[in-house]
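Overview (structure and organization)
Take a look at the letters that make up each chain.
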Amino acid sequence: MKLSLVFPAAALCIAAAPAAAFDLETVTTLLEQAEHDEMSPLGMFMAADWVVKGVMLSLLFASALVWVIFVARVMILRWERGVLRRRYRDLDKAGSLVAARARFAKRKGVMGQMVRAAERERAASGTSAGMKTGIKAGIKERVGSEIARIEAGAARRMGLGAGVLANVGSVAPFVGLFGTVWGIMNSFISISESNTTNLAIVAPGIAEALLATAIGLVAAIPAVIFYNILARGLGAIR
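About the criteria used
- Residues numbered from 1 in each chain as written.
- Predicted model: local features only at pLDDT ≥ 70, side-chain atom pairs only at ≥ 80, totals over all residues.
- Heavy atoms only, no water.
- UniProt positions renumbered as here; feature names shortened; annotations may be inferred.
- Helix = DSSP H or I, 4+ residues; strand = E, 2+ residues; numbered from the N terminus.
- Buried < 20%, exposed > 50% of the residue type's maximum accessible area, 1.4 Å probe, protein only.
- Contact = heavy atoms within 4.5 Å.
- Lys, Arg positive; Asp, Glu negative; His and termini not counted.
- Salt bridge = Lys/Arg side-chain N within 4 Å of Asp/Glu carboxyl O.
- 1 Å grid on protein atoms, 1.4 Å probe; cavity = no way out; pocket = protein on both sides within 12 Å on 5 of 7 lines; lining within 4 Å.
- Points joined across faces, edges and corners; volume = space filled by probe spheres on them.
- Phe/Tyr/Trp six-rings, centres within 6.5 Å; stacked < 30°, edge-to-face > 60°.
- Axes fitted to C-alpha atoms, helices over the stretch in contact; angles between N-to-C directions.
- Parallel < 35°, antiparallel > 145°, perpendicular 65-115°, else oblique.
- Left-handed = near helix turned anticlockwise from the far one by under 90°.
- Nonpolar A, V, L, I, M, F, W, Y, C, P; charged D, E, K, R; others polar.
- Patch = residues over 30% accessible without salt bridge, like charges linked within 9 Å, V, L, I, M, F, W, Y side chains within 5 Å.
- Areas by Shrake-Rupley, 256 points an atom, 1.4 Å probe, with all protein chains shown as cover.
- Expected span 1.5 Å × (residues − 1).

You'll find the chain entered in an unreviewed UniProt entry as Biopolymer transport protein ExbB, with Sulfitobacter profundi given as the organism. The annotation that UniProt attaches to the chain under Function (unreviewed entry) is "Involved in the TonB-dependent energy-dependent transport of various receptor-bound substrates. Protects ExbD from proteolytic degradation and functionally stabilizes TonB." If you open the UniProt record of the chain and go to Subunit (unreviewed entry), you find "The accessory proteins ExbB and ExbD seem to form a complex with TonB."

The structure is reproduced here in structure tokens:
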């Protein structure tokens, strides 16, 4: 009778052993996965202080804005370069100011403005064939000044957004550093409250703080590179 009771109990233990081992392994895997998720960038962001979260969100927004401005400005600069090349060929084919006026009378854009400005200055100074050399030099000087003004205005319009890239490139690292300093301050406060220097307790807060600096660099480095690219492209168009 006793043997009949012992053997079923042993069988149940043997049958339950793999299940228990499986459950223990599953729990261990879930704990490791939870720890890994907590130390991932998203997990560190969710666990960060509200000030650090605000810094990270502002830097992420600045980074997205940098990419949008760069893509838009590159497309606009390429289109403007193509338009200017076509207008320059038309101006070269005209050969004279009168013919150029006929070609660019109704055309908008920088080249049309320059041609019309030159025609206004010439008309205001007279059209006689026997102009003195000094008068001709004065016309050229006034036309050059007017063209430079038009060029500067067009450059300002085409360079819209470059200032944002410059500001993000110079300010974003310091904003990220502010988030890092704030997060490290909170880590030191948690150390004093817990009365322990265990690295497992301190490390997550420091990692969250350093994430703010990393995001600041992610926003600043492309901004500086894009600003230099746009500056070279704008200089080529000018």
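Looking at the overall build of the chain
Check the secondary structure of the chain and you find eight helices and zero strands. Secondary structure elements in the chain, listed N-terminal to C-terminal, are α-α-α-α-α-α-α-α. Taking all 238 residues of the chain together, 30% fall into the buried category. Expressed as a percentage of contacts within the chain between residues at least 6 apart in sequence, the contacts between residues at least 24 apart total 74%.

Structural notes on the side chain of Glu 80
When you line up the elements, Glu 80 lands in helix 3 (residues 50-94). Put simply, Glu 80 is tucked away with no salt bridge, and the nearest opposite charge, on Arg 157, sits 7.2 Å away. Ignoring anything within four residues of it in the chain, the contact list for Glu 80 reads Met 158 and Ile 237.

A word on the layout of surface pockets
A volume near 290 Å³ is recorded for the largest pocket. Lining the largest pocket are 14 residues, and of these Leu 84, Val 110, Met 111, Ile 237 and Arg 238 sit closest to its centre. Put simply, the parts of the chain that give the lining of the largest pocket at least two residues each are helix 3, helix 5 (110-124), helix 6 (133-158) and helix 8 (199-237). Considering only enclosed or pocket space, the second largest pocket measures out at about 220 Å³ in volume. Those elements that provide at least two residues to the lining of the second largest pocket are helix 3, helix 5 and helix 6. Among the elements that make up the lining of the second largest pocket, the one with the highest residue count is helix 3 (six residues).

What about the packing of aromatic side chains?
Inspection of the entire model under this criterion finds three aromatic pairs. Ring plane angle 80° and centroid distance 4.9 Å describe the contact between Trp 67 and Phe 226, whose orientation is recorded as edge-to-face. Here Trp 67 is found in helix 3, whereas its partner Phe 226 is found in helix 8, with 159 residues between them in sequence. Through successive ring pairs, a cluster of aromatic residues spans Trp 67, Phe 70 and Phe 226.

Some remarks on the packing of helix 3 against helix 7 (residues 162-194)
Between helix 3 and helix 7, whose axes approach to 9 Å, the crossing angle comes to 160°. In terms of orientation, helix 3 lies roughly antiparallel with respect to helix 7. Read as a crossing pair, helix 3 and helix 7 show a hand that is left-handed. For the pair helix 3 and helix 7, contact is made by Val 51, Val 52, Val 55, Ser 58, Leu 59, Ala 62, Leu 65, Val 66 and Ile 69 and by Val 164, Leu 165, Val 168, Ala 172, Val 175, Gly 176, Phe 178, Gly 179, Trp 182 and Gly 183, respectively. Along the lines of polarity and charge, the residues of the contact of helix 3 with helix 7 split into 15 nonpolar, four polar and no charged.

Considerations on a nonpolar patch on the surface
Taken together, the side chains of Phe 174, Leu 177, Val 181 and Met 185 present a nonpolar region at the surface, about 410 Å² in accessible area. Among the structural elements, Met 185 can be located in helix 7. Since its relative accessible area comes to 43%, Met 185 is described here as partly exposed.

Some points on helix 5
In a regular helix each residue adds 1.5 Å, so 15 residues correspond to 21 Å; helix 5 covers 21 Å between its end C-alpha atoms and thus fits that length. For helix 5, the complete set of buried residues consists of Val 110, Met 111, Gly 112, Met 114, Val 115, Ala 117, Ala 118, Glu 119 and Glu 121.

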